[in-house]
Amino acid sequence: MTLKLYEQWLLTEGGWATTKTQGTVIKPLIIADCVKKTRVIAEEFAAHCKTVELPPLEFTKPIGSGTWYEEDIVSQPDKVYGDVDFMVSYPVLELTGKDRRADEIATVKLYNKELIDFLKNKRYSFIDIAETMTVSNDVSLKFIMEVETPEGEGWIQVDIVVTHTDYKEWAIFRMTPIRNVKGFVLGNLYSSFGEVLEVSIQPRGVRAKFAGTQMVAYSKRAGAEEKLLTANIQTFMHDIARFFWETSGTDKPYEESSSLKRWKGINPQNPRFEDLCDGIRGVAETLEQLGEFGSVIKYKSAKELLDAVKKRYIEKMETAGNAEKLNKAETPSAIAAAEKLRKFVKDYTELADKLL
């Protein structure tokens, strides 16, 4: 079962699920109109949920490139986005008698079905319910919404991105890209660092897997239990370093490297590639200083670990730069977009090599 999360739209942001939306160029004022109409749905669906004794959903905000649409109205009114990704925080109902993840998935299915039925009954003039139902299912919602454009009316695709109450703030943070830079640039660095550490640094927080009390590779499925290590925006790099110190069984007292002590975190409103690199380097140097890299990590020095992160990041970025869809660009605007993406790949792989 798949929910639409950050990893799924790093490269596909702007993809169309229906031809109805292809003629609309999405600019900041269009996102503003979309937000206004989504708020109407949110408010009226909350009232509906009360009548069926369900907690309401929390429609939070646009994410991805649309994060700064309000600022862009002023500073970049002609900026063009792909589709609109709107984060919605779902509660977690005890529905399955199994683990929390099973309950999360079951809750999403329940609410999505309820929301589709609600939209069918409300018949909003600005929602094409037939197209919405065609491109949606119980695990993935896409509103096909009519918006006001300078040329009149147009249709856009609004992708509902799932999070849950306990890690909503982390998910917004993790899904916020560098401004005016594609999301895969920062997202691939988080993923590369997590994979090298054999943990997951994704929208559900920093997570590790265990077989009993022993940490195992995050890719392991059979007999492994997933646990949340941290979803704290301010302290997650410190938490990661301390976790590996605790699991190593070392007798050395915990002491962070000077670089990790200096690390001031990442501004959720203005994430910087350099700040993430500084945090990664701080963790690597802390683990080297402690002389322990945990029970799964096979690296024995900060340089080995950082080299592995760089290698993984370059691989991911080259995959992005060589994506088949880029070779299909034919129009001047599509060719320009492909070249811009390739420049992101080149510039940020070079920057990662320099900073790590």
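Residues numbered from 1 in each chain as written. Predicted model: local features only at pLDDT ≥ 70, side-chain atom pairs only at ≥ 80, totals over all residues. Heavy atoms only, no water.

Peer 1: So what exactly am I meant to see when it comes to the sheet that holds strand β4 (residues 152-164) here?
Peer 2: Either a parallel or an antiparallel arrangement is found when strands of a sheet pair, and the pairing is made through backbone hydrogen bonds. Pairing in this open sheet of 4 strands is mixed, and the strands run β1-β2-β4-β3 from one edge to the other. Across the chains shown, the open sheet's two edge strands, defined by having one partner strand only, are β1 (58-63) and β3 (142-149). Sheet twist, expressed as the average angle between the axes of neighbouring strands with direction ignored, equals 35°. Direction of pairing for β3 relative to β4: antiparallel, over a ladder of 8 bridges. Note that in β4 the partner of I144 across the bridge is Q157. On top of the sheet, helix α2 (residues 28-51) reaches β1, β2 (84-90), β3 and β4; it is set at about 130° to β3, its chief contact. (Pairing = 2+ DSSP bridges. Helix = DSSP H or I, 4+ residues; strand = E, 2+ residues; numbered from the N terminus. Axes fitted to C-alpha atoms, helices over the stretch in contact; angles between N-to-C directions. Contact = heavy atoms within 4.5 Å.)

Peer 1: What am I meant to see in helix α4 (residues 100-122) here?
Peer 2: Turn by turn, an α-helix covers 3.6 residues, leaving residues three or four places apart pointing in a common direction. Its 23 residues place the ends of α4 32 Å apart at the C-alpha level, agreeing with the 33 Å of an ideal helix rising 1.5 Å per residue. Among the residues making up α4, those that are buried are D103, E104, A106, T107, V108, Y111, N112, L115, I116, F118 and L119. In the core, the buried residues of α4 are packed alongside α2, β1, β2, α5 (129-135), β3 and β4. Backbone geometry just after α4 places R123 at a positive phi near 55°. (Expected span 1.5 Å × (residues − 1). Buried < 20%, exposed > 50% of the residue type's maximum accessible area, 1.4 Å probe, protein only.)

Peer 1: Looking at this structure, I do not really get the pairing of β2. What am I missing?
Peer 2: The two faces of the sheet receive side chains in turn, since in a regular strand these alternate between them. By the criterion of burial, β2 is predominantly enclosed, with 7 of the 7 residues buried. Side chains V84, F86, V88 and Y90 of β2 all project onto a buried face; the interleaved residues D85, M87 and S89 project onto the opposite face, where all are buried too. The pairing of β1 with β2 spans 5 bridges and is antiparallel. Paired with P62 across the bridge in β2 is F86.

By themselves, these observations are geometric and do not establish any function.
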